[in-house]
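Fold and contact review
Residues per chain are reported as follows:
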Amino acid sequence: MQSSARNQFKGSVSHISHGIVTDEVQIRTEHNAELVATITHGSAVSLGLKAGSTVIAMVKAPSVMVVTNCEGVRFSARNQLNGKITRIKPGAVNAEVTIDAQGLQVVAMITQESTENLGLAVGKTATALFKASQVVLAVLP
């Protein structure tokens, strides 16, 4: 499977909470990170999702927020992966920031100005945040 989403995390469905319109799907990645996706109930049914299903959770890099110095701060984004910055690829307008979080390589696309304002640097601790609604699921056989 090929996709333009920079972040692709293979895992298995650990739990599904069914709703009338949307379902909440909890995923345990190969690196034991916990992710949450909210998808329509119809999509969960058509994908045949159940506990134990193997999936790839995909998140586009522009949907990932980067925060620093956030100890004790609470966020509404369900997916919060703490780690260290391993790469910064600067650009004229945007920068690509890679965070090694729980064995996952999470890529964020943020403005170059934000990179500078946050004082981001390789080796610095950072948290990658993304909302459960930004996670797209693909089913593997």
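Residues numbered from 1 in each chain as written. Predicted model: local features only at pLDDT ≥ 70, side-chain atom pairs only at ≥ 80, totals over all residues. Heavy atoms only, no water.

**Structural notes on the domain arrangement of the chain**
- Assigned domains of the chain: these are domain 1 (7–59 + 132–139) and domain 2 (61–130).
- Computed over C-alpha atoms, the centres of domain 1 and domain 2 are 23 Å apart.
- At the junction of the two partners, domain 1 supplies 14 residues and domain 2 supplies 13 residues.
- Viewed at the interface, domain 2 and domain 1 are joined by one salt bridge.
- Across the pair E24 and R78 runs a salt bridge whose closest N-O atoms are separated by 2.6 Å.
- On the surface where domain 1 and domain 2 come into contact, there are four residue pairs in polar contact (both at pLDDT 80 or more).
- Those elements that provide at least two residues to the side of domain 1 that touches domain 2 are β1 (7–17), β2 (22–29) and β3 (34–40). (Domains from an automatic or database assignment. Contact = heavy atoms within 4.5 Å. Salt bridge = Lys/Arg side-chain N within 4 Å of Asp/Glu carboxyl O. Polar contact = N/O pair within 3.5 Å; in protein donor to acceptor, adjacent residues only side chain to side chain. Helix = DSSP H or I, 4+ residues; strand = E, 2+ residues; numbered from the N terminus.)

**Let's talk about the pairing of strand β7 (residues 94–101)**
- In terms of burial, β7 is largely enclosed, as six of its eight residues are buried.
- Inspection of the sheet shows strand β6 (residues 79–89) paired to β7 by five bridges, in the antiparallel sense. Bridging across to β7, I88 finds its partner in V97.
- Linkage of β6 to β7, two consecutive antiparallel strands, is achieved through a turn of four residues.
- Two strands pair when backbone bridges link them, and β7 and strand β8 (residues 104–111) are joined in this way by eight bridges, in the antiparallel orientation. Opposite A95, over in β8, you have I110 as the bridge partner.
- Counted between consecutive antiparallel strands, the loop separating β7 from β8 contains two residues, among which Q102 sits at a positive phi close to 55°. (Buried < 20%, exposed > 50% of the residue type's maximum accessible area, 1.4 Å probe, protein only. Pairing = 2+ DSSP bridges.)

**So, the environment of S114**
- Topologically, S114 is positioned in helix α2 (residues 112–117).
- Look at S114 and you get partly exposed, because its relative accessible area is 30%.
- C-alpha of S114 to C-alpha of G52: the two residues are 62 residues apart in sequence and 39 Å apart in space.
- Here T111 takes part through its side chain, which lies 2.9 Å from a polar atom of the side chain of S114.

**Structural notes on the sheet that holds β2**
- Spatially, the five strands line up as an open sheet ordered β3-β2-β1-β4-β10, and their pairing is antiparallel. Only two strands of the sheet have a single neighbouring strand rather than two, namely β3 and β10 (136–139). For this sheet the average axis-to-axis angle between neighbouring strands, irrespective of direction, equals 45°.
- Where strand β4 (residues 54–59) lies against β10, four bridges are found, and the strand directions are antiparallel. Looking at β10, one finds that M58 is bridged to V136. (Axes fitted to C-alpha atoms, helices over the stretch in contact; angles between N-to-C directions.)

**Structural notes on the side chain of T68**
- Locating T68 in the fold gives a position in the loop between β5 (65–67) and β6.
- Given the relative accessible area of 14%, T68 is considered buried.
- Residues within four places of T68 in sequence aside, it is in contact with L118, L120, K124, T125 and A126.

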